[in-house]
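# Survey of secondary and tertiary structure
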Amino acid sequence: MTLSETAPAAEQDPLLVERSGRVVTLTLRRPHRRNAMSTAMLEQLASKLSDLTGRQGTAPGALVLTGAGGTFSSGADTGEPDWHDLSRRAVRRAHFRTVFAALHEAPFPVIAAVEGYALGGGLELALACDLVVAGEGALFGLPELGVGAVPGGGAVHSLLRRAGRGVAARMLLIPGERLRADELARLGAVERTVPDGDALAEAQALAASVAAGDPALLAAGVRLLRDSGHLDRTAALGVENGYWWQAAAAANREPSPPSDHRS
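Time to look at the environment of Gly137. Topologically, Gly137 is positioned in the loop between β7 (131-135) and β8 (139-141). Taking the relative accessible area as the measure of exposure, Gly137 reaches 23% and is therefore partly exposed. C-alpha of Gly137 to C-alpha of Val194: the two residues are 57 residues apart in sequence and 9.0 Å apart in space. When near neighbours in sequence (up to four residues on either side) are disregarded, Gly137 contacts Arg180 and Asp196.

Shown next, in the form of structure tokens:
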């Protein structure tokens, strides 16, 4: 990969930022903790995502999220010294919410490249992406109920939408339940599986292909994808019509929409 944008490579830096063409790759980099998300990592991730999604004219065409050291993320770092301090947990929680909001609002597709473990907040981060590419042996789980917490980043909602109530119930309620990527692919929660070790290369190739599209159409497409899943058919068709007109206007292909926004 040719790198034109790289974050400081200091060993302690928990987030690596790389850019190749129109694809940006963000790598969680705390392999000694299975990329558990510390306060510092979350702060950097929230800041970088806000920066990328707020750019005008220089936003990436696609974003890849991955983890260093052969694993995606084991979730929040419960080993931090101040983990049980409620005020500090509130700070971490705010960063988490900023991250998920930025992913939802990103005007470009976001692809997770998952190897090893995606547990708890790590699973929530992967499922917040538009597409998940995973090594076939990667393991996914929600251990929160066993460690005195509940999921708070949308994983249950995403699993209900992607794979159904049974899968969500298994992962949430059964202690120690871990599902492999190939099983989640059959159930619809993972979009593509590859041999272990190939997830990042596959995700970056997919991102480069996606990023070659028209930015205005990509922005409309990802918004349509994220906003329509929970709606009934009539409401979803209304959302589709709105984004159709938005994309047409942005591409200067059609005049302004009729006042009632009907097709």
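From this point on, the discussion continues.
Right, let's get into unusual backbone geometry. One non-glycine residue, Arg34, lies in positive phi territory at about 50°. With respect to the helices and strands, the residue Arg34 is situated in the loop between β3 (23-28) and α1 (39-54). Backbone geometry at Asn35 places phi at a positive 55°, although glycine is not the residue there. Mapped onto the fold, Asn35 is located in the loop between β3 and α1. Residue Asn35 is classed as buried on the basis of its relative accessible area of 0%.

On to the nonpolar core, then. Leu26, Leu45, Val114, Leu125, Phe140 and Met171 are the most contacted members of the largest nonpolar core, which has 48 residues in total. Top contributing element to this core by residue count: α1, with six residues. Each residue touching Leu125, except ones within four places of it in the same chain, is listed here: Leu28, Met37, Leu45, Leu65, Phe72, Val99, Phe100 and Leu103. Counting twelve residues, the second-largest nonpolar core is a separate cluster that includes Val64, Ala199, Leu206 and Ala211.

Here we take up the pattern of salt bridges. On inspection of all chains with the given rule, the structure shows twelve salt bridges. Residue Asp51 is joined to Lys48 by a salt bridge in which the shortest nitrogen-to-oxygen separation is 3.6 Å. With Asp51 and Lys48 both in helix α1 and three residues apart, the pair spans about one turn of that helix. For Asp51, a relative accessible area of 35% corresponds to the partly exposed category. Salt bridges here are not isolated pairs; linked through shared partners, they connect Arg30, Arg33 and Asp77.

Counting all residues, the mean pLDDT for the protein is 86, and 87% of those residues have values of 70 or more. pLDDT under 50 marks residues 1-10. Its contacts with residues more than four places away, or in other chains, come to 24 contacts. For residues 259-263, every residue scores under 50 in pLDDT, and the model assigns this stretch five contacts once sequence neighbours within four places are set aside.

How each quantity is defined
Residues numbered from 1 in each chain as written. Predicted model: local features only at pLDDT ≥ 70, side-chain atom pairs only at ≥ 80, totals over all residues. Heavy atoms only, no water. Helix = DSSP H or I, 4+ residues; strand = E, 2+ residues; numbered from the N terminus. Buried < 20%, exposed > 50% of the residue type's maximum accessible area, 1.4 Å probe, protein only. Contact = heavy atoms within 4.5 Å. Core = buried A, V, L, I, M, F, W, Y, C linked by side-chain atoms within 4.5 Å. Salt bridge = Lys/Arg side-chain N within 4 Å of Asp/Glu carboxyl O. pLDDT = per-residue confidence, 0-100.

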